[in-house]
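Residue-level structural notes
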Amino acid sequence: MDKLDKMPKSYEEFLLQNRKYLNKSMLYVILTCIFTGPAIALGIYTGVFTHTSYVACVTISVAMAIIFAICAYIYKHSPYSTYSSIIAIVAMNILLVYMTYERINVSVTWFLMPLLSVLLLDLKIYVFSCIFNFLMILQAAWLSAPFMIEMGSEHISVEAYFFNEAVGSAIESFIMAVVGYEIGRLISFYYRTLIDEKITISNTEMQIHKQDILLESMSDMYDKVNYIDFEKMIEQALQGGKKKESKLELEESSHSQMVKSMLENVSAPDMDRFLTFTDLTTLQSRMLAHKIIYGEFINKCGEWYRLQYITVDSDADGIPTKVIFTTQNIDEEKKKEDNLRKMALTDELTNLYNRRCYDEDVAEFNKHPLPDNLCILSIDVNGLKLANDTKGHLAGDELINGAARSIMDAMESYGKLYRTGGDEFFAILFTDDYEEIVDKILANTNNWKGMYMDNLTISIGVAAKKNFSDVSSIQELEKLADEDMYKKKYAYYEANGIDRKALYKKFGT
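Residues numbered from 1 in each chain as written. Predicted model: local features only at pLDDT ≥ 70, side-chain atom pairs only at ≥ 80, totals over all residues. Heavy atoms only, no water.

Description of a negative patch on the surface
As a reminder of what qualifies: Distance thresholds for patches are 9 Å for like charges and 5 Å for nonpolar side chains (Val, Leu, Ile, Met, Phe, Trp, Tyr), applied to residues having over 30% relative accessible area and no salt bridge. Computed by Shrake-Rupley with a 1.4 Å probe, the accessible areas treat only the displayed protein chains as cover when residues are assessed. The rule for a salt bridge is simple: a side-chain nitrogen of Lys or Arg has to be within 4 Å of a carboxyl oxygen of Asp or Glu. Here Asp and Glu are counted as negative and Lys and Arg as positive; His is not counted, and neither are the chain ends. A charge is said to be at NZ when it belongs to Lys, at CZ for Arg, at CG for Asp and at CD for Glu. Helix numbering and strand numbering both begin at the N terminus, where a helix is a DSSP run of H or I of at least 4 residues and a strand a DSSP run of E of at least 2.
Residues Asp372, Asp432, Asp433, Glu435 and Asp439 make up a contiguous surface patch of negative charge. Inspection of the secondary structure assignment puts aspartate 433 in the loop between strand E9 (424-430) and helix H15 (434-446).

Concerning the pattern of salt bridges
Applicable threshold: Think of it in three bands: with a 1.4 Å probe and only protein chains considered, a residue is buried below 20% of the maximum accessible area for its type, exposed above 50%, and partly exposed in between.
All chains considered together, the criterion is met by 20 salt bridges. In this structure, aspartate 347 engages arginine 419 in a salt bridge whose closest nitrogen and oxygen atoms are separated by 3.2 Å. Of this pair, aspartate 347 sits in the loop between helix H11 (331-345) and helix H12 (355-365) while arginine 419 sits in strand E8 (residues 415-419), placing them 72 residues apart in sequence. The exposure class of aspartate 347 is buried, given its relative accessible area of 13%. The class of arginine 419 is buried, set by a relative accessible area of 14%. With a closest N to O distance of 3.3 Å, lysine 488 and aspartate 484 form a salt bridge. Of this pair, lysine 488 and aspartate 484 both sit in helix H16 (residues 474-495), 4 residues apart, which is roughly one turn of that helix. Classification of aspartate 484 by relative accessible area gives partly exposed; the value is 21%. Taken together, the shared-partner salt bridges in this structure form one network comprising Glu296, Arg306, Glu333, Lys334 and Glu337.

Things to note about the confidence of the model for the protein chain
Our working definition: Note on scores: pLDDT gives the predictor's confidence for each residue, bounded by 0 and 100.
Of all residues in the protein chain, 92% have pLDDT values of 70 or greater, and the mean over the chain is 86. The lowest-confidence element of the protein chain is helix H17 (residues 500-507), averaging 50 in pLDDT; the highest-confidence one is E9, averaging 96.

Some points on the pairing of strand E6 (residues 320-329)
Short version of the rule: In short, DSSP must find at least two bridges between two strands for them to pair.
Counting buried positions along E6 gives 8 out of 10 residues, so the element sits mostly inside the fold. Pairing of strand E1 (residues 224-229) with E6, which is carried by 6 bridges, proceeds in the antiparallel orientation. Counterpart to lysine 224 in the pairing with E6 is threonine 327. In this sheet, E6 lies alongside strand E5 (residues 304-314) in antiparallel orientation, the contact comprising 9 bridges. Bridge pairing in E6 places leucine 307 opposite threonine 327. In this structure, the hairpin formed by E5 and E6 is closed by a connection of 5 residues, where glycine 318 is found at a positive phi of approximately 85 degrees.

As structure tokens, then:
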């Protein structure tokens, strides 16, 4: 028997392959029938068949050779066609009629034709084969009736003999048809069951293989990988190329074995959040609308790591049934993120917070009522434009850095300082003693001396929430501080006899 072309993916595909195999088998049967002629001739020669002729032997062999050629041609060009098998069944039934007519007894062989068609597992072909077979039996009985009467049959007429044979053949054909149908039904049932089981096993093996590949590939990407199957209630850990499987006992513990092994390294502030995130009793509901959920935590060494649950398979309701749990150290990634964010929010020259950071902080402040000890300082460096134009930008940068250091040294930990423009600074403070801080800033600038510039002066505008109870936003305080700063800047130029319009006319704005 030839092997199937490939493992059928369905029962219907199996029927096609089975039909191809049986079409080929029918060719062998017809080929065997070609040699029926020589076999009968041998029987005539030995005296076994005394009522037939050698012409009948030649006729049988030639006819079957022609049928073989036709079926072989059909098989070659359409191996899955039903026509080849139907032609073979019809031809062999006609052969049996002819052999009966030639006085060659083939009574038992009649019933092999319908039974042979059972193997095709096609109800229409089987019904056709049974009906055609019965009609050919009747035809053979009618053709052989005269001969049987001559040979001394107990029946008195051809009609009586034919009627008797027809009734007997009808009963036998009916019994044979029912038995054949049951055989075919059982064969079909067993094949269908076997194929379905084979497909299920094959799909399971493929799924396990894919699961292994997925786990192995993910083990190269993550520090730890854990496969969780809620249907089988198992977890499979993969670490260092080794697999370890254990049962999920959610009645006793809501966490996997891998998670339990990690608890000793979880930092105390993150412990409650860690246990909530890794709780398997709530995981399926939390992942119902998500393919992936993750959380970021800090261990006892102060390093960042990310936990992640990834849905692999879900049921018809979208509830995850198979999930992969991964852990990954992201400390370097976090440091890079922090550095990038710091760069985005930091002034390059002074290393103070920049305008972007100031705007973000102001937006955050506006989400809540302003505290009573909030104070805004608007600070501007005096004479920066003149220093840049007369002594160069190194001198101007020196003034900006000098102002930044002077302010920071006085502020201590009372708030944050921002460089929001070329010579502009804003400070957000939380203190009731802002006057003392302003005095320290001015004292620091008075004592400052640089390499390019001998002195540093700044103008400071102040707006404290406690002095403006009707103010509700930080932008209003900012505006008030700006107005106060410009008043003091104007006063500074007036006190020192500096004509700002003349300077701007000479050096440009």
